[in-house]
Amino acid sequence: VNSRTPLIAGNWKMNLDHLQAVAFVQKLHWTLKDAKHEDGSVEVAVFPPFTDIRSVQTLIDADKIPFALGAQDVSAHDSGAYTGEVSGAFLAKLDAKYVIIGHSERREYHAEGDDVVAAKVQASLKHGLVPVICVGETAGDLEKFGASAVPVSQLEAALQGVSPKAEIVVAYEPVWAIGSGQAATPQQAQDVCAALRAVVAKVLGDEAAARTRILYGGSVKAANIASFMREPDVDGALVGGASLVVDEFAAIIRFEK
Ligand code: PEP
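(A) How the structure looks around helix 2 (residues 50-62). Of the residues making up helix 2, those classed as buried are Asp52, Ile53, Val56 and Ile60. As for helix 2, its buried residues are in contact with helix 1 (18-31), strand 2 (43-47) and strand 3 (67-71). Looking at the residues trailing helix 2, positive phi occurs at Lys64, about 50°.

(B) Molecular detail of the environment of Val121. Positionally, Val121 belongs in helix 5 (residues 114-126). Distance in space between the C-alpha atoms of Val121 and Ile214 is 16 Å, their sequence separation being 93 residues. Residues contacting Val121, with those up to four places away along its chain left out, are Ile101, Pro131, Ile133, Ala158 and Val162.

(C) Main features of the sheet that holds strand 4 (residues 98-101). With respect to topology, eight strands assemble into a closed barrel ordered 1-2-3-4-5-6-7-8, the strand pairing being parallel. Geometrically, the sheet is characterised by an average inter-axis angle of 25° between neighbouring strands, direction not taken into account. With three bridges connecting them, strand 2 and strand 3 associate as parallel partners. Following the sheet pairing, Ala45 is matched in strand 3 by Ala68.

Calculation rules
- Residues numbered from 1 in each chain as written.
- Predicted model: local features only at pLDDT ≥ 70, side-chain atom pairs only at ≥ 80, totals over all residues.
- Buried ≥ 20, exposed ≤ 12 C-beta atoms within 10 Å, placed from the backbone.
- Helix = DSSP H or I, 4+ residues; strand = E, 2+ residues; numbered from the N terminus.
- Contact = placed C-beta atoms within 7 Å.
- Pairing = 2+ DSSP bridges.
- Axes fitted to C-alpha atoms, helices over the stretch in contact; angles between N-to-C directions.

In structure tokens form, the structure reads like this:
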């Protein structure tokens with residue numbers, strides 16, 4: 001994958017058990033025959049629940065399906081007495097490439113603050129996983145501080161101690177746009193993604209900023225993906241609901257600018 005190859009990432013959240021997952025990935029693969037992800041001009045990644053990862057990995061390995069695999073969360077710890085947690089070492093052993101860190105649902109329902117997010121970013125990099133660092137403002141934040149202040153400060157916190165050489169992905173996901181059907185406008189997405197790229201430049205340097213992919217997420221669907229992909233600082237999409245519908249997700253992957 002070249003730097004800033006568009007990345008279309010499907011966050012399944014807590015949907016599809018391991019049998020449904022295998023059927024879904026097979027169907028998506030067949031629906032995408034001859035699509036541009038086959039030649040590497042777009043990268044597709046799926047983020048199933050932990051219990052599906054082994055089955056999906058076996059399938060994509062056996063059938064040479066060109067999808068990358070990711071997890072939706074990771075422990076900040078390597079191993080030990082952390083009941084219910086999953087180590088980045090285990091995910092790496094299952095060929096997971098990516099891990100979503102700091103999704104707004106984790107921040108909201110599991111009280112994950114910037115310190116936990118930063119620790120999980122460190123844990124993923126330590127185990128050779130690429131963190132997909134999610135940042136975004138709530139509707140209240142938007143009203144009070146404008147669009148970029150909260151995402152910028154969340155990203156600054158997440159990047160503390162990260163090496164300038166590290167591969168990371170950033171996902172700008174306005175909380176008010178997630179699952180609401182009300183996506184940001186392409187201009188709003190561009191403005192915040194540009195501000196986030198400036199954070200990467202400030203913390204990790206210009207080279208990192210030039211090669212780091214910044215995704216937009218929040219009610220992305222086939223009908224609006226192209227408008228986001230036309231923006232210069234939007235390098236892909238993190239897709240929730242629409243990633244669970246084979247034809248819709250396939251149409252997103254087949255976007256034409
Ligand atoms: C998400 O939760 O990452 C997301 C973007 O969800 P949706 O596409 O359903 O808005």
